[in-house]
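Spelled out, the chains give:
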Amino acid sequence: MLFVCSRNAGRSQFAAALLAHRAQGHVTVSSAGTHPAAAVESVVAQVLTEAGVPSAEAAFPKPLTDEVVQAADIVNTMGCGDACPVVPGRRYLDWPVADPEGAPIAVVRTIRDAIDAHISELLDSLPSTAC
């Protein structure tokens, strides 16, 4: 599963951390950005920690490449628009979730919870042998 947003500093990092935490190693998770930021937003790590999700201190924004997309079975876009490459044979999802950049912490918590709800739906849709 590949999560993609423009900066790979907020939404896609949230989704990757939440799915990795909830799938407990049963799903390979990665994230990338069309225009990666210099670092993951500190408020993202903070609200993940509040929810009991290890925010992977080693997490960092990564560039979106054709190779990263080709390695994923499912590509989930989260605000990167037409900049996300389409590779035949991949399942694509798009979650319209607000960008946490510059948002107050209460809004960032709401974004985390919205992404977590999408993660629940995603896990329910995967074959039972995967999770």
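Summary of the structure given here. Just so it is clear, the structure is predicted and the values come from calculations on it, not from any experiment.

Description of the overall build of the protein chain
In terms of regular secondary structure, the protein chain is built from four helices and four strands. Along the protein chain, from the amino end to the carboxyl end, the secondary structure elements read β-α-β-α-α-β-β-α. Taking all 131 residues of the protein chain together, 41% fall into the buried category. In the protein chain, 70% of the contacts between residues at least 6 apart in sequence involve partners at least 24 apart.

Section: the environment of Ile119
Along the chain, the position of Ile119 falls in helix 4 (residues 105-125). When the C-alpha atoms of Ile119 and Ala15 are compared, they prove to be 7.2 Å apart, with 104 residues separating the residues in sequence. When residues no more than four places from it in sequence are discounted, the contact partners of Ile119 are Phe3, Ala15, Leu18, Leu19, Arg22 and Trp95.

Things to note about the nonpolar core
Residues Phe3, Phe14, Leu19, Met78, Trp95, Ile115 and Ile119 are the most contacted members of the largest nonpolar core, which totals 27 residues. Secondary structure elements with two or more residues in this core: strand 1 (2-5), helix 1 (11-23), helix 2 (42-50) and helix 4. For this core, the element with the most residues is helix 1, which contributes seven residues.

Description of the packing of helix 1 against helix 4
Relative orientation of the contacting elements helix 1 and helix 4 amounts to 50°, with a least axis distance of 9 Å. Viewed along their axes, helix 1 and helix 4 adopt a mutual orientation that is oblique. In terms of crossing hand, the pair formed by helix 1 and helix 4 is right-handed. Of the residues in helix 4, those in contact with Arg11, Phe14, Ala15, Leu18, Leu19, Arg22 and Ala23 of helix 1 are Val108, Ile111, Arg112, Ile115, Asp116, Ile119, Ser120, Leu122 and Leu123. Class assignment of the residues belonging to the contact of helix 1 with helix 4 gives a composition of eleven nonpolar, one polar and four charged.

Thresholds, definitions, all that
Residues numbered from 1 in each chain as written. Predicted model: local features only at pLDDT ≥ 70, side-chain atom pairs only at ≥ 80, totals over all residues. Heavy atoms only, no water. Helix = DSSP H or I, 4+ residues; strand = E, 2+ residues; numbered from the N terminus. Buried < 20%, exposed > 50% of the residue type's maximum accessible area, 1.4 Å probe, protein only. Contact = heavy atoms within 4.5 Å. Core = buried A, V, L, I, M, F, W, Y, C linked by side-chain atoms within 4.5 Å. Axes fitted to C-alpha atoms, helices over the stretch in contact; angles between N-to-C directions. Parallel < 35°, antiparallel > 145°, perpendicular 65-115°, else oblique. Left-handed = near helix turned anticlockwise from the far one by under 90°. Nonpolar A, V, L, I, M, F, W, Y, C, P; charged D, E, K, R; others polar.

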